[in-house]
Amino acid sequence: DETARLWDAASGECLHTLEGHRYAVNCAAFSPDGQQVVTASDDETARLWDAASGECLHTLEGHRDDIFCAAFSPDGQQVVTASYDKTARLWGAASGECLHTLEGHQGGVTCAAFSPDGQQVVTASGDGSARLWDAASGECLQTLEGHRDEVECAAFSPDGQQVVTASYDKTARLWGAASGECLHTLEGHR
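None of the values given here were measured: they were computed from a predicted structure. In this convention, every chain numbers its residues from 1, walking through the sequence in written order. Whole-chain, interface and lining totals are the exception, using all residues; otherwise, since this is a predicted model, local features are given only for residues with pLDDT of at least 70 and side-chain atom pairs are given and counted only at 80 or more. Computation of side-chain values covers all heavy atoms of the structure but excludes hydrogens and water.

### Remarks on the sheet that holds strand β10 (residues 98-103)
Item 1. Any two strands with at least two DSSP bridges between them are considered paired. What counts as a helix is a DSSP run of H or I of at least four residues, what counts as a strand is a run of E of at least two, and both are numbered from the N terminus. With antiparallel pairing, the four strands of this open sheet are ordered in space as β7-β8-β9-β10. Only two strands of the sheet have a single neighbouring strand rather than two, namely β7 (67-72) and β10. Across the sheet, the mean angle separating the axes of adjacent strands is 15 degrees when strand polarity is ignored.
Item 2. Pairing analysis gives five bridges linking strand β8 (residues 78-83) to strand β9 (residues 87-92), with the strands arranged antiparallel. Paired with V79 across the strands is W91, a residue of β9. In this description, a line fitted to the C-alpha atoms serves as the axis of each element, helices being fitted only across the stretch in contact, and the angle between N-to-C directions of two axes falls anywhere from 0 to 180 degrees.

Here is the structure:
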């Protein structure tokens, strides 16, 4: 219905309806301090909201296709968005300005996540790869290749030393974050 809603977890009461997107909302995430919410939409925008008031603080514009995913950095200072336009973008959470466009994937970017220390970003793509990026410069550090189909999701381990990817090829893979080497292929899904 083109909205996101904030709910009171204890009572189940709807606190705010976040209105402003023109198409479906694909993702919503809180900032680490719980003060803001980011939403990602098929309308090619992400929006930053004040969690207490439900007011839209910034509309993040620049992607040229649906945005699948959005997440805050661990310190809450940046937001990453992942889009079917084959890019991810890093944004200043306070300003709403685009800091870097992460280009290089040959398919839509389905997922993006920060490392626990906020120094890196991992992206997953329909091109069958994942990539590691420097969050400060936007430079691609590693390309993780080996899946035989689209990579739907990627995340860092809690210590930031490994990355896990999940693919439509029915496998997950563990990678060394520093080396980009595939450490294990996890098989068994049908």
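After that view, the rundown keeps rolling.
### A closer look at the side chain of R173
Item 1. Assignment of secondary structure puts R173 in strand β17 (residues 172-176).
Item 2. Residues adjacent in sequence count toward polar contacts only when both atoms are side-chain atoms; beyond that, a polar contact is any pair of N or O atoms within 3.5 Å, and within protein one must be able to donate a hydrogen and the other to accept it. Reaching out from R173, the side chain makes a polar contact with the side chain of T185 at a distance of 3.5 Å.
Item 3. Whether two residues are in contact is decided by their heavy atoms: any pair within 4.5 Å suffices. R173 has contacts with G146, H147, R148, V163, V164, T165, C182, H184 and T185, leaving out every residue within four places of it along the chain.

### So, the environment of L6
Item 1. If you trace the backbone, L6 turns up in strand β1 (residues 3-7).
Item 2. Burial classes: relative accessible area under 20% of the type maximum marks a residue as buried, over 50% as exposed, and values in between as partly exposed (1.4 Å probe, protein chains only). For L6, a relative accessible area of 9% gives the class buried.
Item 3. C-alpha of L6 to C-alpha of L18: the two residues are twelve residues apart in sequence and 7.7 Å apart in space.
Item 4. Beyond its immediate stretch of four places on either side in the chain, L6 contacts E13, C14, L15, H16, L18, F30, V37 and A51.

### Re the environment of H184
Item 1. By secondary structure assignment, the location of H184 is in strand β18 (residues 182-186).
Item 2. Distance from H184 to V164, taken between C-alpha atoms, is 9.5 Å for residues 20 residues apart in sequence.
Item 3. With near-sequence residues (within four places) excluded, H184 lies in contact with A172, R173 and L174.

### Regarding unusual backbone geometry
A negative phi angle characterises most non-glycine residues, just as the trans form characterises most peptide bonds.
Item 1. Phi is positive for K86, close to 80 degrees, though the residue is something other than glycine.
Item 2. Mapping K86 onto the fold places it in the loop between β8 and β9.
Item 3. Given a relative accessible area of 39%, K86 falls into the partly exposed group.
Item 4. For K170, which is not glycine, the phi torsion reads 70 degrees and is therefore positive.
Item 5. Along the chain, K170 falls in the loop between β16 (162-167) and β17.
Item 6. K170 sits in the partly exposed class, given a relative accessible area of 46%.

### Focus: the sheet that holds strand β12 (residues 120-125)
Item 1. Spatially, the four strands line up as an open sheet ordered β11-β12-β13-β14, and their pairing is antiparallel. Each of the sheet's edge strands pairs with one partner strand only, and the pair in question is β11 (109-114) and β14 (140-145). This sheet shows a mean twist of 20 degrees between the axes of neighbouring strands, independent of strand direction.
Item 2. As defined by bridge partners, β12 adjoins strand β13 (residues 129-134) across five bridges and the pair is classed as antiparallel. Looking at the pairing, T123 lines up with R131 of β13.

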